Amino acid sequence: MYASLDRRLVSAPLIVENTHEGWNDLGANITLAWGRFGADVFAINGSNCGRGQVSPDKFIARLDIRRALGSRLHVAPRDGLELGVSSAYFRDEADDLAMIMWGGDLQASAGRFSAKGEYLVQRTDRGTAAEADNRGWYLQGLAEFGRVFGVARYGVWDPELTPERPERLSLGLGYVVRPGLEFRVEHDLGLTDLDDVTSLQMVMDFGGVH
């Protein structure tokens, strides 16, 4: 998983790890805004996208994802609160619609504190023996005190075709050396079907360090 200044934790949410593996590829995004309403429309090269989980008795030969298109619509009904809905459509090398994702999210902030959450449904391997609806969600809280910040996130992933239902609680502390340069420590508690893991990370944005 690639490092991210925006994420503030070393790890990504379980729903990201198990659906599109970070989705770190080439693409383009258009942002539109009108008052308290906004929209993002994007297209991306999907070669590094994941495909969810498949049970051993329903294994199929998969084609790689070729590209993906998606959008997010959002509204800020009041200052410090934003609600959004999103969807994405993935086509494989045969140009068949292989995977769809849709979901909803919320973000809220007040002073030093902020919170966000997301619910996501993934329909993967459409039209095959391994077609499945997987789903998951997470809720995260962040507190910032000068250069120091603390963050906690609880997440669940619920795949249709496998018996596992991973749950994880991630606790992190970080220190902002300067804008664009942070040090982080994170301890992940694998509550169900996951191991406990402790991670250290330095993350740098070369465009933001002066």
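Our subject in this report is the structure included herewith.

### Structural notes on empty space enclosed by the protein
Turning to step 1, where the next piece is worked out: Tallied over the entire structure, the rule returns 1 cavity of 30 Å³ or more.
Turning to step 2, where the next piece is worked out: Taken as a whole, the largest cavity encloses approximately 30 Å³ of empty space.
Turning to step 3, where the next piece is worked out: Together, P13, L14, Y138, R153, Y154, G155, R168 and S170 line the largest cavity.
Turning to step 4, where the next piece is worked out: Mapped by element, the contributors of at least two residues to the lining of the largest cavity are β8 (148-158) and β9 (167-178).
Turning to step 5, where the next piece is worked out: If you tally residues by element for the lining of the largest cavity, the top one is β8, at 3 residues.
Turning to step 6, where the next piece is worked out: Residue classes in the lining of the largest cavity are distributed as 4 nonpolar, 2 polar and 2 charged.

### Re unusual backbone geometry
Turning to step 1, where the next piece is worked out: Backbone geometry at R8 places phi at a positive 70°, although glycine is not the residue there.
Turning to step 2, where the next piece is worked out: Secondary-structure assignment places R8 in the segment before α1 (14-17).
Turning to step 3, where the next piece is worked out: Among the residues examined, R8 registers a relative accessible area of 14% and is labelled buried.
Turning to step 4, where the next piece is worked out: For D193, which is not glycine, the phi dihedral falls at a positive 60°.
Turning to step 5, where the next piece is worked out: Inspection of the secondary structure assignment puts D193 in the loop between β10 (181-192) and β11 (197-204).

### Let's talk about the sheet that holds β11
Strand pairing in a sheet is mediated by backbone hydrogen bonds. Such pairs are either parallel or antiparallel.
Turning to step 1, where the next piece is worked out: Read across the open sheet, the 11 strands follow the order β1-β2-β3-β4-β5-β6-β7-β8-β9-β10-β11; overall the sheet is antiparallel. Both outer strands of the open sheet, β1 (27-34) and β11, are each paired with one neighbouring strand and no more. Averaged over neighbouring strand pairs, the angle between their axes works out to 15° when direction is ignored.
Turning to step 2, where the next piece is worked out: As defined by bridge partners, β8 adjoins β9 across 9 bridges and the pair is classed as antiparallel. The residue bridging G150 from the neighbouring strand is L173, located in β9.

### Topic: the packing of aromatic side chains
Turning to step 1, where the next piece is worked out: Applying the stated criterion to the full structure yields 3 aromatic pairs.
Turning to step 2, where the next piece is worked out: Between the NZ or CZ atom of R8 and the centre of the ring of F149, over which it lies, the distance is 4.0 Å.

### Some details on the side chain of E182
Turning to step 1, where the next piece is worked out: Here E182 is to be found in strand β10.
Turning to step 2, where the next piece is worked out: Here R8 takes part through its side chain, which lies 3.4 Å from a polar atom of the side chain of E182.
Turning to step 3, where the next piece is worked out: Filtering out sequence-adjacent residues up to four positions away, E182 remains in contact with L5, R8, F149, Y175, V176, Q201, M202 and V203.

### Side note on the environment of L83
Turning to step 1, where the next piece is worked out: Looking at where L83 falls in the secondary structure, it is placed in strand β4 (residues 81-92).
Turning to step 2, where the next piece is worked out: Judged by relative accessible area, which is 39%, L83 ranks as partly exposed.
Turning to step 3, where the next piece is worked out: As for L83 and G117, which are separated by 34 residues in sequence, their C-alpha atoms are 9.9 Å apart.
Turning to step 4, where the next piece is worked out: Excluding anything up to four places from it in sequence, L83 contacts L73, H74, V75, D105 and L106.

### Notes on the pairing of strand β6 (residues 113-124)
Turning to step 1, where the next piece is worked out: Bridge count between strand β5 (residues 97-110) and β6: 12 bridges; the pairing is antiparallel. The residue bridging G103 from the neighbouring strand is L120, located in β6.
Turning to step 2, where the next piece is worked out: Between the end of β5 and the start of β6, which pair antiparallel, lie 2 residues, with G111 showing a positive phi angle near 60°.
Turning to step 3, where the next piece is worked out: With 12 bridges connecting them, β6 and strand β7 (residues 132-145) associate as antiparallel partners. Paired with T124 across the two strands is A132, which belongs to β7.

### Some details on the side chain of E167
Turning to step 1, where the next piece is worked out: Secondary-structure assignment places E167 in strand β9.
Turning to step 2, where the next piece is worked out: In this structure the side chain of E167 is engaged in a polar contact, spanning 2.3 Å, whose partner is the side chain of Y154.
Turning to step 3, where the next piece is worked out: Not counting the four nearest positions on each side in its chain, E167 is found in contact with L14, Y154, G155, V156, L189, G190, L191, T192 and L194.

### Quick notes on the nonpolar core
Buried together is how nonpolar side chains tend to be arranged in soluble globular proteins.
Turning to step 1, where the next piece is worked out: Core analysis: the biggest nonpolar cluster contains 15 residues, and I15 and F90 have the highest contact counts within it.
Turning to step 2, where the next piece is worked out: Looking at this core, the elements with two or more residues in it are α1, β3 (65-78), β4 and β5.
Turning to step 3, where the next piece is worked out: Leaving out residues up to four positions away in the same chain, I15 has contacts with E118, L120, G136, W137, Y138, V156 and W157.
Turning to step 4, where the next piece is worked out: Among the nonpolar cores identified, the runner-up in size contains 5 residues, and L9, L142, F149 and V176 belong to it.

The rules we used
Residues numbered from 1 in each chain as written. Predicted model: local features only at pLDDT ≥ 70, side-chain atom pairs only at ≥ 80, totals over all residues. Heavy atoms only, no water. 1 Å grid on protein atoms, 1.4 Å probe; cavity = no way out; pocket = protein on both sides within 12 Å on 5 of 7 lines; lining within 4 Å. Points joined across faces, edges and corners; volume = space filled by probe spheres on them. Helix = DSSP H or I, 4+ residues; strand = E, 2+ residues; numbered from the N terminus. Nonpolar A, V, L, I, M, F, W, Y, C, P; charged D, E, K, R; others polar. Buried < 20%, exposed > 50% of the residue type's maximum accessible area, 1.4 Å probe, protein only. Pairing = 2+ DSSP bridges. Axes fitted to C-alpha atoms, helices over the stretch in contact; angles between N-to-C directions. Phe/Tyr/Trp six-rings, centres within 6.5 Å; stacked < 30°, edge-to-face > 60°. Lys NZ or Arg CZ within 6 Å of the ring centre and 35° of its normal. Polar contact = N/O pair within 3.5 Å; in protein donor to acceptor, adjacent residues only side chain to side chain. Contact = heavy atoms within 4.5 Å. Core = buried A, V, L, I, M, F, W, Y, C linked by side-chain atoms within 4.5 Å.

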